[in-house]
Amino acid sequence: MAVTLEEAPWLGWIFVKALMRFAFMVSNNLVAIPSYLCYVIILQPLRLLDNKCFWYIEGIMYKWLLGMVASWGWYAGYTVMEWGEDVKAISKDEAVMLVNHQATGDVCTLMMCLQDKGRVVSEMMWLMDHIFRYTNFGIISLIHGDFFIRQGKSHRDQQLLLLKKHLENNYRSRNRKWIVLFPEGGFLRKRRETSQAFAKKNNLPFLQHVTLPRVGATKIILNALVAQQENGSPAGGDAAKLDNSKSKGLQWIIDTTIAYPEAKPIDIQTWILGYRKPTVTHVHYRIFPIKDVPLETDDLSDWLYQRFVEKEDLLSHFYKTGAFPPPKGHKEANSREMTLSNVWIFLIQSFAFLSAYMWYSVLQYLYHCLF
């Protein structure tokens, strides 16, 4: 499509702005990631003396790094509106987030909307595609203890065994509380056709806005982390008594549904370059006590399918009306605008650049002393 004379200045500004944002993102990575690595290295003696304190400090730095990523979208006008139950009430408990997956921007959206949920981001473990291991953030995720899962039938059994071992070695020892899981196992646009064919063949729900979830990783997580009572049933919280819950182990499942206006998801390139007009991403939460979640494979599969059928209904309603439907028994659905503190963003960015300068000076001094 030809560019008109009136559109040329606007497109020129978009191009210049994208270049400036890209340059800042590169500089942000060049100062923040090496600084994080230097701090982790210098704190290794603390890890031996007080493992809990080490991972507490590492978690704070990890949250700041994710906050920087969130700020890239925030200053481009990509904000988040939250719906459904308030997950802040369970921010100190162990939980699994089951999230629908449309694009790489889903991860950035979660990085943003969870920043104001206490220490959730600091104590969170992500399950993500193995390709993220080779990104600039891969080394950070490896140190933090996130799990990279390889997709495909040929890798499935091996990956589930590796996930089980990873949870046993890293989840409790690093004081992790929340796990983020995308049960669909891939982006909507890539899996929809295959999912619909599988549903038709096996007489399962036909879904358009989500795909049928895979149960393997969810089952491994539940079996590994759910505390068992003496009678063998899962111990867990009661949504009506959040403050009185003293159960140990995994206590909640947070069914999380991400919706983009006009069903046009944001990808990581848009998040970084900011060439798309400001938009509001909508995130809906529904909390389930773990005692209400079946652990047997067939029952768990049915339970997961039902959750994604509900996601389908939520998204269908959203794309028709621009809002999520109210909970049962309510006439209106309440939404909450998520905000980031500009002062906080300035402080963590300043800390990153000052840290980079400090480490550069230290390394330069050591180099001159040695050579």
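Residues numbered from 1 in each chain as written. Predicted model: local features only at pLDDT ≥ 70, side-chain atom pairs only at ≥ 80, totals over all residues. Heavy atoms only, no water.

By the naming in an unreviewed UniProt entry, the protein chain is Acyl-CoA:lysophosphatidylglycerol acyltransferase 1 isoform X2, taken from Phyllostomus discolor. Check the Sequence similarities (unreviewed entry) section of the UniProt entry for the protein chain; it says "Belongs to the 1-acyl-sn-glycerol-3-phosphate acyltransferase family." (UniProt positions renumbered as here; feature names shortened; annotations may be inferred.)

*Asks:* So what's going on with the overall build of the protein chain? Which residues, and what values?
*Replies:* A tally of regular secondary structure across the protein chain gives eleven helices and eight strands. Taking 2.2 N^0.38 as the reference for a compact globule, 371 residues should give roughly 21 Å; the C-alpha atoms of the protein chain span a radius of gyration of 22 Å, in line with that estimate. Principal axes of the C-alpha set define a box for the protein chain whose edges measure 65 × 65 × 45 Å. The buried share among the 371 residues of the protein chain stands at 49%. For the protein chain, the proportion of contacts with a sequence separation of at least 24, taken over those separated by at least 6, is 77%. Working note: accessible area of the protein chain is about 19300 Å², and carbon and sulfur atoms make up 60% of it. (Helix = DSSP H or I, 4+ residues; strand = E, 2+ residues; numbered from the N terminus. Rg over C-alpha atoms; globule rule 2.2 N^0.38 Å. Buried < 20%, exposed > 50% of the residue type's maximum accessible area, 1.4 Å probe, protein only. Contact = heavy atoms within 4.5 Å. Areas by Shrake-Rupley, 256 points an atom, 1.4 Å probe, with all protein chains shown as cover.)

*Asks:* Any chance you could break down a nonpolar patch on the surface for me, citing the residues and the numbers?
*Replies:* Taken together, the side chains of Met358, Val362, Leu363, Tyr365, Leu366, Tyr367, Leu370 and Phe371 define a hydrophobic patch exposed on the protein surface, amounting to about 920 Å² of accessible area. Tracing the sequence through the fold places Met358 in helix α11 (residues 342-370). Take Met358: its relative accessible area is 36%, and that puts it in the partly exposed class. (Patch = residues over 30% accessible without salt bridge, like charges linked within 9 Å, V, L, I, M, F, W, Y side chains within 5 Å. Salt bridge = Lys/Arg side-chain N within 4 Å of Asp/Glu carboxyl O.)

*Asks:* Can you explain the pattern of salt bridges? Please cite residues and give values.
*Replies:* A complete count under the given rule lists eleven salt bridges for this structure. Note that Lys291 is salt-bridged to Asp292, the shortest N-O span being 3.5 Å. Its relative accessible area of 43% is what places Asp292 among the partly exposed residues. With a closest N to O distance of 2.7 Å, Glu310 and Arg307 form a salt bridge.

*Asks:* Provide a residue-level description of the environment of Phe353, including the pertinent values.
*Replies:* When you line up the elements, Phe353 lands in helix α11. Between the C-alpha atom of Phe353 and that of Thr321, which follows or precedes it by 32 residues, the distance is 44 Å. Sequence-distant contacts of Phe353, defined by excluding residues within four places in its chain, comprise Phe24, Ser27, Asn28 and Val31.

*Asks:* Tell me what's going on with the layout of surface pockets, and back it up with residues and numbers.
*Replies:* Volume-wise, the second largest pocket comes out at about 580 Å³. Lining the second largest pocket we find 19 residues, and of these His284, Arg286, Pro326, Pro327 and Lys328 sit closest to its centre. For the lining of the second largest pocket, the secondary-structure elements that each account for two or more residues are β1 (78-84), β6 (250-259), β7 (279-289) and α10 (297-321). A class-by-class count of the residues in the lining of the second largest pocket yields seven nonpolar, five polar and seven charged. (1 Å grid on protein atoms, 1.4 Å probe; cavity = no way out; pocket = protein on both sides within 12 Å on 5 of 7 lines; lining within 4 Å. Points joined across faces, edges and corners; volume = space filled by probe spheres on them. Nonpolar A, V, L, I, M, F, W, Y, C, P; charged D, E, K, R; others polar.)

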